[in-house]
Amino acid sequence: MEVRPERPAAARGTASSLTASPSDTADLEAVVARSLERVRSFIEPRLDAALRPTPATPPRLAEAMRHALLAPGKRLRPALVLWSAAACAGGGDEADDCAAGAEAEAWAAAAPAAVAVEMIHAYSLVHDDLPAMDDDDLRRGQPTCHRAFDEATAILCGDALQALAFETLARGLPAAVAARGCLVLARAAGPEALVGGQADDLAAERGWISDPHAMPPHERVAWLERIHSRKTGALFLACLELGGLAVAADQRRLAMLATYGRRFGLAFQIADDILDAEGTEAAVGKRVGKDSERGKLTFPSVIGLEESRSRGVALAGEAVEAVAGLGEPAADLARLARWIVLRNH
Ligand code: GRG
């Protein structure tokens, strides 16, 4: 594994450094970009290997799965799994070569979980883009799965990726950890979380439940948080839990990771809403402005852009604070939280 890049002091994840100057922000952007690049170099060959064609898998289905999973995503979820495992693996005060060894072992232990969550994420994007849901043509800068193939193949591709995620966990982790890991991932992906959040979001959009626009503002914010903590946040939280489980983290560390995961998930969603309102299709790699076109509730539409921005930054600060007790091994997690609310893609 390559040597960890030197980190500029300004890029270290402390709560106070959230009030950063433009040059600090540029440093942070550069360091996070390098760290995510390391994650991609580690995880993408493993995603590819997980999809090696087998004689029993129909070729068109296999091709659609490769299209969906290997498309150029940021790989935030694998990063969260690997970095949370690394954050819990060492004592935090070892010599550099010792720390690098602990990190390499943590990443190896957590790799099957990192692959599995990316499969669930890719499946949810394929299904979310379907004509029956968001009906999108562009994802990760490429035609969506049903556009590149056809609708039936895209449905089957999502189904197959979801099943393969659990197979990957069950095969790749030691038995006791695998059982717990499957439970964590199943709950995050299931009717109470990812799928349930999506179902409630659709129900509101299509008028199957009472219109959240009619609620008073504080209830609209609570409603948005309930949707997003399930639709987007639950999978982020599962990443943190799975990373910790992969290295047998104790309850204290798991609790720190869980707090980080909740704050991070909401900060991510607020930033995603801001990007939908202000970002460009070229930078984001998907259609933007669609939430307001559909009159969907978003954080900027309920509390305004400025308040959304400051809420995102405050949540990122709380995420950084939550893992401060894990010390230097949690620096990548801290930086990611700070970056997530500043990004343009
Ligand atoms: C259809 C079962 C089902 C669930 C859909 C995840 C989801 C629930 C919907 C995705 C819709 C969406 C675009 C939500 C915004 C947040 C989100 C999950 C964005 C994509 O995540 P990134 O930014 O994307 O990490 P990349 O492509 O970089 O992985």
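Everything below is about the structure shown above.
Read on for a plain summary of the structure. (Residues numbered from 1 in each chain as written. Predicted model: local features only at pLDDT ≥ 70, side-chain atom pairs only at ≥ 80, totals over all residues. Heavy atoms only, no water.)

For helix α14 (residues 305-322), which comprises 18 residues, the first-to-last C-alpha distance of 26 Å matches the rise-based estimate of 26 Å (1.5 Å per residue) to within 8%. When α14 is considered as a whole, its buried residues turn out to be Ser308, Gly312, Leu315, Ala316, Gly317, Ala319, Val320 and Ala322. (Helix = DSSP H or I, 4+ residues; strand = E, 2+ residues; numbered from the N terminus. Expected span 1.5 Å × (residues − 1). Buried < 20%, exposed > 50% of the residue type's maximum accessible area, 1.4 Å probe, protein only.)

For helix α9 (residues 217-246), built from 30 residues, the straight-helix expectation of 44 Å at 1.5 Å per residue is met to within 8% by its first-to-last C-alpha distance of 41 Å. Roughly 55° is the biggest bend found in α9, and it falls at glycine 233. Among the 30 residues that make up α9, 22 are buried, leaving the element largely enclosed by the rest of the structure. Just beyond α9, the residue with positive phi is alanine 248, at close to 55°. (Bend = angle between axes of the 7 residues up to and from the residue.)

What follows is about the packing of helix α3 (residues 76-89) against α9. Where α3 contacts α9, the two axes come as close as 7 Å, and the packing angle between them is 35°. Like other packed secondary-structure pairs, α3 and α9 cross with a definite hand, here right-handed. Each of Leu76, Arg77, Leu80, Val81, Ser84 and Ala85 in α3 lies in contact with α9, whose residues at this interface are Leu235, Phe236, Cys239, Leu240, Gly243 and Gly244. (Axes fitted to C-alpha atoms, helices over the stretch in contact; angles between N-to-C directions. Left-handed = near helix turned anticlockwise from the far one by under 90°. Contact = heavy atoms within 4.5 Å.)

A few words now on the pattern of salt bridges. Once their charged atoms are close, side chains differing in charge can pair, the charge on each being opposite to the other. Enumeration according to the criterion identifies 23 salt bridges in this entry. Via salt bridges that share partners, Glu44, Arg75, Glu118 and Arg140 belong to a single interconnected network. (Salt bridge = Lys/Arg side-chain N within 4 Å of Asp/Glu carboxyl O.)

This part is about the environment of alanine 322. Structurally, the position occupied by alanine 322 is in helix α14. Spatially, the C-alpha atom of alanine 322 lies 7.3 Å from that of leucine 257, the residues being 65 residues apart in sequence. Those residues in contact with alanine 322 that sit more than four places away from it in its chain are Met256, Thr259 and Tyr260.

Here we take up the packing of aromatic side chains. Each aromatic ring pair is described using two quantities: the centre-to-centre distance and the angle formed by the ring planes. Under the criterion given, the structure shown has 4 aromatic pairs. Relative to tryptophan 107, the ring of phenylalanine 42 lies with its centre 5.1 Å away and its plane at 70°, an arrangement referred to as edge-to-face. Of the two residues, phenylalanine 42 is situated in helix α1 (residues 22-50) and tryptophan 107 in helix α4 (residues 96-128); the sequence distance between them amounts to 65 residues. In terms of burial, phenylalanine 42 and tryptophan 107 fall into one category: buried. A ring pair is formed by tyrosine 260 and phenylalanine 264, whose centres lie 5.7 Å apart and whose planes are at 15°; its orientation type is stacked. Residue tyrosine 260 and its partner phenylalanine 264 are located together in helix α10 (residues 251-278), separated by 4 residues, close to a single helical turn. On the basis of relative accessible area, tyrosine 260 is assigned to the buried category, the value being 0%. A connected cluster of aromatic rings, assembled from ring pairs, spans Phe236, Tyr260, Phe264 and Phe268. One Lys or Arg, arginine 46, reaches over the ring of phenylalanine 42 and ends 3.8 Å from the middle of that ring. Directly above the aromatic system of phenylalanine 268 lies the positively charged group of arginine 77, at a separation of 5.7 Å from the ring centroid. (Phe/Tyr/Trp six-rings, centres within 6.5 Å; stacked < 30°, edge-to-face > 60°. Lys NZ or Arg CZ within 6 Å of the ring centre and 35° of its normal.)

On to the nonpolar core. Core analysis: the biggest nonpolar cluster contains 100 residues, and Leu161, Tyr260 and Leu336 have the highest contact counts within it. In terms of residues, this core owes the most to one element, α4, which gives 14 residues. If near-sequence neighbours (up to four positions away) are discounted, leucine 336 is found in contact with Val32, Leu36, Leu76, Leu80, Trp83, Tyr260 and Phe264. (Core = buried A, V, L, I, M, F, W, Y, C linked by side-chain atoms within 4.5 Å.)

On to the site of the ligand. The ligand sits among 22 residues. The nearest are Lys74, Arg77, His121, Asp128 and Arg140. Interatomic distance of 2.7 Å between a side-chain N/O atom of arginine 77 and an oxygen atom of the ligand. Note that an oxygen atom of the ligand is positioned 2.8 Å from one of the side-chain N or O atoms of arginine 140. Within the complex, the protein chains bury 93% of what would otherwise be the 700 Å² of accessible surface of the ligand. (Near = heavy atom within 4 Å. Polar contact = N/O pair within 3.5 Å; in protein donor to acceptor, adjacent residues only side chain to side chain. Areas by Shrake-Rupley, 256 points an atom, 1.4 Å probe, with all protein chains shown as cover.)

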